[in-house]
Amino acid sequence: MKALVTGGAGFLGSHLVEKLLSHGFDVIVVDNLCTGSLSNLESVKSRITFFQEDVRYFMPRQKTDIVFHFACPASPVQYQKDPVFTIETSVLGTKTVLEYCKAHMSRLVFASTSEVYGDPLEHPQKETYFGNVNTLGPRACYDEGKRAAETFCFIYNSLYKVPVTIVRIFNTYGPRMDPHDGRVVSNFIVQSLRGGDLTVYGDGSQTRSFCYVSDLIDGIIRIARHNTEFEVLNLGNDEEYSIIELAKTILELTGCKNNIIHLPPQIDDPVRRKPDISKARRLLDWHPKVDLRSGLASTIEYFRSLI
Ligand SMILES: NC(=O)c1ccc[n+]([C@@H]2O[C@H](COP(=O)([O-])OP(=O)(O)OC[C@H]3O[C@@H](n4cnc5c(N)ncnc54)[C@H](O)[C@@H]3O)[C@@H](O)[C@H]2O)c1
């Protein structure tokens, strides 16, 4: 089997590339390195074909059986830096990828996001929930870009029978996260190891669920093996933690005694977030195995080696 991974030099993409190689896939990567890094692919660089290109305008000539479309800046700090680039990557990039899939009849696994649910009025979030998203806020370039990309997937499946699985990924963390991209897990760990204050937006009662990267990648590989014409699936951990609990757990695990300080809440920051993963459990026989404390311990070890 030949696989193409867009965004393969990023946090999730690089773990996926390694796993695909270990399952015997030939792998091509397309990545413009805007948020990713070749160092993430250091251990596999001699075994892959790499194109440093922008997925809005480029796909390789080689045919592949399956495309994992992961290219897109994913953290609020990164995706708000250049919102035009972000929405174009989601919308134009996904169209470019779908045209390639149509031409080669390749399967597409599209990395969507729990952000399509916005600040959800339904809890936990099932795949059937339409979401509650602000089209006009600072997060819209990402959230609405992914929603439009999902629509593109739906259209290409309906009109041209391109087989598509849309994966709505919930907060995932682990080694190779960028220490500077402002995601909550990396932020707290880096702040804690550097001896700074841990910055909590609002009172910290807002909740999230955190999935360790190996669990997420296991789910993606199961999706690759599950032949389907069109599917939408949540992947994430369904244990729910408040942000303040997360901060306290990280302080306990790092053994640091930093202060926790509160900053004003961020615009359109969801109050609660937790996936309903019953569909993935049923269809893929998948469930997350790594508990938060073990996953955080490995992630802290990784960040200690960087700092
Ligand atoms: N990590 C999470 O918790 C999470 C949650 C939900 C969804 N996702 C989705 O998963 C995917 C990967 O996320 P990540 O956390 O690994 O982020 P990341 O920023 O580490 O990886 C994204 C990769 O895409 C590349 N890229 C971005 N725009 C590109 C373009 N126009 N052309 C070519 N390459 C481009 C970047 O250089 C980077 O290597 C994204 O699509 C993201 O929306 C991630």
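Caption draft 1: Fine view of the site of the ligand. In the region of the ligand, 30 residues are neighbours, and Leu12, Asp31, Thr35, Tyr142 and Lys146 sit closest. Within the side chain of Thr35, one N or O atom sits 2.6 Å away from an oxygen atom of the ligand. Here Arg183 contributes a side-chain N or O atom positioned 2.8 Å from a nitrogen atom of the ligand. Against a free-state accessible area of 820 Å², the protein chains account for coverage of 97% of the ligand. Looking at the shell around the ligand, the element that brings in the most residues is strand 5 (residues 107-113), giving three residues. Partitioning the shell around the ligand into residue classes produces 15 nonpolar, ten polar and five charged.

Caption draft 2: Spatial organisation of the nonpolar core. One finds Leu16, Val17, Leu20, Val27, Phe68 and Leu235 to be the most contacted residues of the largest nonpolar core, which totals 57 residues. If one sorts the elements of this core by residue count, helix 6 (residues 213-225) sits on top with seven residues. Leaving out residues up to four positions away in the same chain, Leu16 has contacts with Val5, Phe68, Phe70, Ile217, Ile220 and Ile221. Core analysis: the second largest hydrophobic core is formed by 21 residues, Leu4, Val55, Leu98 and Cys101 among them.

Caption draft 3: Focus on the layout of surface pockets. Its boundaries defined by the atoms lining it, the second largest pocket holds a volume of some 270 Å³. Around the second largest pocket, the lining is made up of 14 residues, and of these Tyr129, Phe130, Arg147, Glu150 and Arg168 lie nearest the centre. For the lining of the second largest pocket, the secondary-structure elements that each account for two or more residues are helix 4 (140-160), strand 6 (164-169) and strand 11 (230-235). Broken down by element, the residue count for the lining of the second largest pocket peaks at four residues, all from helix 4. Residues belonging to the lining of the second largest pocket are distributed by class as follows: eight nonpolar, two polar and four charged.

Caption draft 4: Here's a closer look at the sheet that holds strand 1 (residues 2-6). The sheet built from seven strands is open, its strands ordered 3-2-1-4-5-6-11 with parallel pairing. Bordering the open sheet on either side are strand 3 (48-51) and strand 11, each of which pairs with just one other strand. Strand-to-strand twist of the sheet, defined as the mean angle between neighbouring strand axes without regard to direction, takes the value 15 degrees. The strands that helix 4 touches are strand 5, strand 6 and strand 11; relative to strand 5, the one it contacts most, it runs at about 155 degrees.

Reading the values: rules and limits
- Residues numbered from 1 in each chain as written.
- Predicted model: local features only at pLDDT ≥ 70, side-chain atom pairs only at ≥ 80, totals over all residues.
- Heavy atoms only, no water.
- Near = heavy atom within 4 Å.
- Polar contact = N/O pair within 3.5 Å; in protein donor to acceptor, adjacent residues only side chain to side chain.
- Areas by Shrake-Rupley, 256 points an atom, 1.4 Å probe, with all protein chains shown as cover.
- Helix = DSSP H or I, 4+ residues; strand = E, 2+ residues; numbered from the N terminus.
- Nonpolar A, V, L, I, M, F, W, Y, C, P; charged D, E, K, R; others polar.
- Core = buried A, V, L, I, M, F, W, Y, C linked by side-chain atoms within 4.5 Å.
- Buried < 20%, exposed > 50% of the residue type's maximum accessible area, 1.4 Å probe, protein only.
- Contact = heavy atoms within 4.5 Å.
- 1 Å grid on protein atoms, 1.4 Å probe; cavity = no way out; pocket = protein on both sides within 12 Å on 5 of 7 lines; lining within 4 Å.
- Points joined across faces, edges and corners; volume = space filled by probe spheres on them.
- Pairing = 2+ DSSP bridges.
- Axes fitted to C-alpha atoms, helices over the stretch in contact; angles between N-to-C directions.

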